[in-house]
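# A look at the structure
Read off the chains here:
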Amino acid sequence: MERTEYDRMHAVEDRMWWYRGLRRLAATLLGQALSRAAVEGAVLDAGCGTGGMLRTLGPVSGRHTFGLEHDAIAAALAAAKSGCPVVAGSVNEMPLGDGVLAAYVSLDVLCHGGVDPGRAVAEARRCLRPGAVAVFNLPAYGWLLSAHDRRVHNVRRFTSAEARTLLAGHGFRILRTTYWNTLLFPLMLIHRLFERADAPSDVRDYPGWLDALFSAALSVERAAIAAGLRLPFGGSLMVVAVRHG
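Residues numbered from 1 in each chain as written. Predicted model: local features only at pLDDT ≥ 70, side-chain atom pairs only at ≥ 80, totals over all residues. Heavy atoms only, no water.

### Description of the side chain of R20
What counts is decided by this rule: By the criteria applied, helices consist of DSSP H or I runs no shorter than four residues and strands consist of E runs no shorter than two, each listed in order from the N terminus. Exposure categories follow from relative accessible area, calculated using a 1.4 Å probe and restricted to protein chains: below 20% of the type maximum is buried, above 50% is exposed, and the middle band is partly exposed. In this description, contact between two residues means that some pair of their heavy atoms is separated by no more than 4.5 Å.
Mapped onto the elements, R20 comes out in helix α2 (residues 17-36). The class of R20 is buried, set by a relative accessible area of 16%. With residues up to four places along the chain from it excluded, the contact list for R20 reads E13, D14, R15, D211 and S215.

Dropping the structure here:
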């Protein structure tokens, strides 16, 4: 991402409904999966950005937690914000040993123009122990590529079938997939329909009442997903998988 996008993320990620909802859902699903996984090892936030999720992971996992980030300034911000170590490097070729991780978290990373999804997933498998957990969040539906995506250098979006094929083809067993950001999906479609080609990023502060309303919608979805429901469509896709063999 451009420097201004990292700066904007760093400034608003603790306040914005989207980031709060994403982190809470990912943490819930990771905690559920790790509670059933009889594996030891560290937890990696792969492509940790400016550190909001990384700060959440330690208390959730109860394990040594660290980040990986290719941008040096973002990595420094993430380390300062989270209090966790952050390694400089690419998810395409991680500077980690084989089988050292109990969990791998990847939030809106495989969609980035600088990432090769196949290589990144293969690297995740290499660094995970057998039976270890991987949680991926992905933007949904290629036809929804937008001005916001271009601002943050996203070049691809995924369907559930595409994500399943990608992960299964690189040695993962899928535990569950679900779309989310479902209740707000009609508003997202309207926004995309009328969005200008040069529109700014969606990462910004929202009026307090609107942020609270959007947060409540995501909270309802999180409760439903945590209870085992699979939402049939939405603006994003969450996948939980384990490493085979």
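### Describing the pairing of strand β4 (residues 101-107)
Here is the rule: When DSSP finds at least two bridges between two strands, those strands are taken to pair. Whether a crossover is right-handed comes down to one check: with the strands pointing away from the viewer, does the path from the first strand over the helix to the second run clockwise; if it does, it is right-handed.
The buried count for β4 comes to seven of seven residues, which makes it a mostly enclosed element. Both strand β1 (residues 42-46) and β4 contribute to a ladder of four bridges, which runs parallel. From the neighbouring strand, A42 faces β4, where its bridge partner is L101. Taken together, the six bridges between β4 and strand β5 (residues 128-139) define a ladder with parallel strand orientation. Bridge assignment links S106 to a residue of β5, and that residue is F136. Following the backbone out of β4, through helix α5 (residues 117-127) and into the adjacent parallel β5, one traces a crossover that is right-handed.

### Structural notes on a nonpolar patch on the surface
Condition: Residues enter a patch when their relative accessible area is above 30% and they make no salt bridge; the linking distance is 9 Å between like charges and 5 Å between nonpolar side chains (Val, Leu, Ile, Met, Phe, Trp, Tyr). Using a 1.4 Å probe, the Shrake-Rupley method yields the accessible areas, and only the shown protein chains count as cover for residues. Should a side-chain nitrogen of Lys or Arg be within 4 Å of a carboxyl oxygen of Asp or Glu, the pair is scored as a salt bridge.
A contiguous nonpolar patch, built from L187, I190, L193 and F194 and spanning about 480 Å² of accessible area, is present on the exposed surface. Among the secondary structure elements, F194 is positioned in helix α8 (residues 185-194). Accessibility expressed as a relative area gives 65% for F194, which makes it exposed.

### Quick look at the environment of R119
Relative to the assigned elements, R119 resides in helix α5. Taking C-alpha positions, R119 is 26 Å from A147, a pair spaced 28 residues apart along the chain. When sequence neighbours within four positions are dropped, the list of residues in contact with R119 reads V91, N92 and E93.

### Brief notes about the pairing of strand β6 (residues 172-180)
Burial runs high along β6: seven of the nine residues are buried. One ladder, built from eight bridges, connects β6 with strand β7 (residues 236-243); its direction is antiparallel. For T177, the partnering residue across the bridge sits in β7 and is V239.

### Regarding the packing of helix α3 (residues 52-61) against helix α4 (residues 72-82)
So the rule is basically this: In this analysis an axis means a line fitted to C-alpha atoms, helices contributing only their contacting stretch, and an angle means the value between N-to-C directions, from 0 to 180 degrees. Every angle not falling under 35 degrees, over 145, or within 65 to 115 is termed oblique; those three ranges are roughly parallel, roughly antiparallel and roughly perpendicular. Should the near helix be turned anticlockwise from the far one by less than a right angle, the crossing is termed left-handed; should it be turned clockwise, right-handed.
Contact pair α3 / α4: the axes reach a minimum separation of 8 Å and the direction vectors enclose 40°. In terms of axis orientation, α3 runs oblique to α4. In the crossing of α3 with α4, the sense of the turn from one axis to the other is right-handed. Mapping the contact onto sequence places G52, L54 and R55 in α3 and A78, K81 and S82 in α4.

### Considering the nonpolar core
How we decide: To form a nonpolar core, buried Ala, Val, Leu, Ile, Met, Phe, Trp, Tyr and Cys residues must be joined to one another through side-chain atoms within 4.5 Å.
Ranked by size, the top nonpolar core spans 74 residues in total, and within it L30, L44, L101, Y104, L110 and V133 carry the most contacts. The element contributing the most residues to this core is α2, with 11 residues. Among all residues touching L110, those that are not within four sequence positions of it are V115, P117, A120, V121, F136, L138, R156, F158 and L166.

### A closer look at unusual backbone geometry
Phi at D108 takes a positive value of approximately 55°, unusual for a residue other than glycine. Structurally, the position occupied by D108 is in the loop between β4 and α5. Non-glycine residue N181 carries a positive phi angle of around 55°. Tracing the sequence through the fold places N181 in the loop between β6 and α8.

### A look at the packing of aromatic side chains
Note the following rule: Under the pairing criterion, centres of Phe, Tyr and Trp rings, with the six-membered ring standing for Trp, must be within 6.5 Å; the plane angle then separates stacked pairs below 30 degrees from edge-to-face pairs above 60, leaving the rest tilted.
Throughout the structure, instances matching the rule amount to 11 aromatic pairs. Between W17 and Y206, the ring centres sit 6.0 Å apart and the planes meet at 85°, which makes this aromatic pair edge-to-face. One end of the pair, W17, is in helix α2; the other, Y206, is in the loop between α8 and α9 (208-226), and 189 residues separate them in sequence. Given the relative accessible area of 9%, W17 is considered buried. For Y206, a relative accessible area of 18% translates into the label buried. Seen in terms of ring centroids, W18 and W180 are 4.9 Å apart; in terms of plane orientation they differ by 5°. Their pairing is stacked. With W18 in helix α2 and W180 in strand β6, the pair connects residues that are 162 residues apart, well separated along the chain. For the pair formed by W18 and W180, the shared burial category is buried. One aromatic cluster in this structure is built from W17, W18, W180, Y206 and F214.

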